Every structure is written in structure tokens, then in C-alpha cells.
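# Structure at a glance
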Amino acid sequence: MSQPVSVTGITHHLVPSPAGRIHLVEQGSGPLVLLVHGFPEFWYSWRHQLPALAAAGYRAVAVDVRGYGRSSRPEDVAAYRMLDLIEDNVAVVHALGEQRAVIVGHDWGASIAANSALVRPDVFRAVGLLSVPYAPRGGPRPSEVFASMGGEEEFYVSYFQEPERAEAEIEPDVRGWLAGLYAALSADTMPPAGSLDPHFVSRGGTLRDRFPAGRLPAWLSEDDLDVYAAEFERTGMSGALNRYRNMDRDWEDLADFDGAPITQPSLFIGGALDASTTWMTDAIQAYPTTLPGLTSSHILDGCGHWIQQERREEVNKILTGWLASLPA
């Protein structure tokens, strides 16, 4: 296991779940706040929030989503569908001796958190979304939508669909690939306007062809990059990528929730320079209908995708303020 850098006061646990086991990191006591990471990360991406939430009087718990870190990695691609990840989150809450929790997610974790709140409102009393806005299930099959994007280029979600294809690009040099992706989507290192978009792949090319090289973003130290790289070198990338390979299954599984709003108290924080936020402005504008319980919404100027790491102090202030405003 890679050793955390400069993370103190935390406790590691393995708890049973439908996946087999979920690894989590815990700090503090009080109302439970479940933190769910995105791609390609693991619990470590919440290292700045764990102590801040604990200091504010919360039991902060960051999980490794199934397929990542020390959590179980089922071989079946279909084992990474959204409904299974929701049940993992419910199992974590119950394994910790709790009945209810606030759930907060970033990137894919935001979608997992949103759907957890949607499907299990009895367990998740409030939901915080970082970077990726909530957009209810609907429209055409996702694979058809993604295949139509990019013209002569291929959208990265489509590129990730075929098992072993992206793995063949990433796994020979995990550290270099991660460094490039983190830089490509960070405010201080992303390609300048007019450059080839790193969310797309040229026919016959790779994602890495468009990543910047030679400089890490300010939020990412060499030691932090070593932690991320060591974990994915150990686990491989398939467990993480299999989340993308279930989007059509999710569309089918969640048919009963077509267009459904999330009514619990909610929070959204997006980066002004993050494509996940800017491409989904229509979803944000629909929040009065889709997130009627929204009580806190922020777009951070000059911020990219890795929001809780790029702007940790600002995110911590927003997050703890929102949590304090929630009904008990």
C-alpha cells in the first residue's frame, strides 16, 4: 500500500459491502459526512477536507469506491453499475453504526452521491456536488450521445468504453499519464485557449497526445503524485475505468427515475474553468427544478476540475458553512 503524505489523525477501516469490502478513512466525531472521490483518484483526494470537517465537529469518512484503492475490485464489468455503488454507500453508513449521512462527491463521485441521494433518501439526508452538476436521467442512450460528439475526434468517454483499450495507454506509464491528466484539467497548467481539447482523442491517437508536459499543477506535489501513481500501479486501471463502461446500464437501471429531482438540501461547487461545469450550464440553470432543495451554489473563478485540491481552503469554508446550515 502506498503511504499517505502529510495526513495525520486518520483511521483506516475495511467494512463489508456488496462489493466484498470497502476501504475507508475516518477522522473526527459527530454527524456522518461521507466523501466520494472521482476518476482517477481514491480517498486521498479528500486529504484536505478530512481534518477540516473533523475540526468543525463532523465524522468525516472518505471511501475508496469499488474498483479503487484497497476496496474490492470485482472482475465483472457489470459489477460497477450505479445501483451497486449506491448500495456500497448504504453499506458503509450502516457498517459505521449510523442510519443517515450527508454525502458529498467530486467528479464521478458527484454523480454517485447524487444518485445515492435520489435512490436512497432514507439514508442520505443531504448531498453536496463538486465539479459535476446534477442532470436527471433522460434523453437518448448515453453511448449514442457520446458517439455523436467530436466529429472526426473521439470523446474520451467513448474512448474508455472498450475494455483494455485505455488500460493499454495508461498502464505502461501510470505516473506520467496521471501527471498529464491532472495538469490538463488544472487551472494553472491546462492547455491555453485554442489548443487541442484534451477531452478528445484524434483518430488512431491517445488522450496523452494532448496532455501538457513538464510542469505539475500547484496543488500537486511530487510526493502526492507518487501516492496516486503507486496506488494505480498496484491496482491497475480497469476497476476505475469500468465505471464508464456502465453508463448505458445505468440509463436502463434508473428508468423509473427519469427526470426526477433530488429534494434533499443540496450544495454545488463548480470551477469556472472546468469543462465539467461549463459544458453543463443548462443543468445548472435547471437547478430550481432538478435540485429544489439547493441551499448553496458557487462557481469558483480561476478554478479547474480538481476543485477540493486546487482550492482547498475555499472549498472547506463553503462545505463547513453549508453543513452547519443543515437541519439536524
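Look up: the structure comes first, before these words.
In this report, the structure presented in the accompanying data block is examined. (Residues numbered from 1 in each chain as written. Predicted model: local features only at pLDDT ≥ 70, side-chain atom pairs only at ≥ 80, totals over all residues. Heavy atoms only, no water.)

### Description of the overall build of the protein chain
Helix and strand counts for the protein chain come out as 15 helices and 10 strands. Computed over C-alpha atoms, the radius of gyration of the protein chain comes to 18 Å, within 12% of the 20 Å expected from 2.2 N^0.38 for 328 residues, which places it in the range of a compact globule. Within the protein chain, the fraction of its 328 residues that count as buried is 55%. Intrachain contacts of the protein chain at a sequence separation of at least 6 include 77% that bridge at least 24 residues. Accessible surface, the protein chain: about 12800 Å² in total, of which carbon and sulfur atoms supply 51%. Here the protein chain contributes 25 positively and 42 negatively charged side chains, and the mean placements of these two sets differ by 4 Å. (Helix = DSSP H or I, 4+ residues; strand = E, 2+ residues; numbered from the N terminus. Rg over C-alpha atoms; globule rule 2.2 N^0.38 Å. Buried < 20%, exposed > 50% of the residue type's maximum accessible area, 1.4 Å probe, protein only. Contact = heavy atoms within 4.5 Å. Areas by Shrake-Rupley, 256 points an atom, 1.4 Å probe, with all protein chains shown as cover. Lys, Arg positive; Asp, Glu negative; His and termini not counted. Charge placed at Lys NZ, Arg CZ, Asp CG, Glu CD.)

### Topic: the sheet that holds strand 3 (residues 32-36)
Within the open sheet, the 8 strands sit side by side as 1-2-4-3-5-6-9-10. Their pairing is mixed. With partners counted over all chains shown, the strands left at the sheet margins are strand 1 (11-17) and strand 10 (294-300), one partner each. The mean inter-strand angle of the sheet, taken between neighbouring strand axes irrespective of direction, is 20 degrees. Note: strand 3 against strand 5 (residues 101-106), 4 bridges, orientation parallel. Residue pairing in the sheet places L34 in a bridge with I103 of strand 5. The sheet strands contacting helix 15 (residues 312-325) are strand 3, strand 5, strand 6 (124-130), strand 9 (266-271) and strand 10, and the helix crosses strand 10 at an angle near 175 degrees. (Pairing = 2+ DSSP bridges. Axes fitted to C-alpha atoms, helices over the stretch in contact; angles between N-to-C directions.)

### Remarks on helix 3 (residues 108-119)
An α-helix turns once every 3.6 residues. As a result, residues three or four positions apart point the same way. Helix length check: helix 3 (12 residues) gives 16 Å between terminal C-alpha atoms against 16 Å at 1.5 Å per residue, within 8%. Counting buried positions along helix 3 yields 11 of 12 residues, so the element is predominantly enclosed. Taken residue by residue, helix 3 has W108, G109, A110, S111, I112, A113, A114, N115, S116, A117 and L118 as its buried positions. Structurally, helix 3 contributes buried residues whose contacts are with strand 3, helix 2 (82-95), strand 5, strand 6 and helix 10 (247-253). (Expected span 1.5 Å × (residues − 1).)

### Points about the side chain of N316
Assignment of secondary structure puts N316 in helix 15. Side-chain polar atoms of N316 contact the side chain of Q49, separated by 2.9 Å. With residues near it in sequence (within four places) discarded, N316 still touches H48, Q49 and A52. (Polar contact = N/O pair within 3.5 Å; in protein donor to acceptor, adjacent residues only side chain to side chain.)

### Comments concerning the side chain of R47
With respect to the helices and strands, R47 occurs in the loop between strand 3 and helix 1 (49-55). Among the residues examined, R47 registers a relative accessible area of 6% and is labelled buried. Looking at R47, its side chain comes within polar contact range of the main-chain oxygen of Y44, at 3.0 Å. Engagement of the side chain of R47 in a polar contact is seen with the side chain of Y228, the distance being 3.4 Å. Excluding residues within four positions of it along the chain, R47 makes contact with V7, W219, D224, Y228 and Q309.

### What to know about unusual backbone geometry
Residue P40 follows F39 across a cis peptide bond; omega there is -15 degrees. Examined against the element boundaries, P40 turns out to sit in the loop between strand 3 and helix 1. With phi around 60 degrees, D107 is a residue other than glycine that occupies positive phi space. Assignment of secondary structure puts D107 in the loop between strand 5 and helix 3. Overall, the relative accessible area of 10% leaves D107 in the buried class. Its identity as a non-glycine residue notwithstanding, E164 has a phi of 80 degrees, on the positive side. Looking at where E164 falls in the secondary structure, it is placed in the loop between helix 5 (156-159) and helix 6 (165-170).

### Considerations on the packing of aromatic side chains
What the rule picks out here adds up to 24 aromatic pairs. Both rings, one in F39 and one in Y244, keep their centres 5.3 Å apart while their planes meet at 85 degrees; by these two values the pair is edge-to-face. Highlighted residues: F39 in the loop between strand 3 and helix 1 and Y244 in the loop between helix 9 (238-241) and helix 10, separated in sequence by 205 residues. You'll find F39 and Y244 in the same group, each marked buried. Within the aromatic cluster, the residues linked to one another by ring pairs are F39, W108, F146, F155, Y156, Y159, F160, F200, Y244 and W279. In this arrangement the basic side chain of R137 is found over the ring face of W251, its NZ or CZ atom lying 4.4 Å from the centre. The ring of W108 is capped by R243, whose NZ or CZ atom sits 4.6 Å from the centre of that ring. (Phe/Tyr/Trp six-rings, centres within 6.5 Å; stacked < 30°, edge-to-face > 60°. Lys NZ or Arg CZ within 6 Å of the ring centre and 35° of its normal.)

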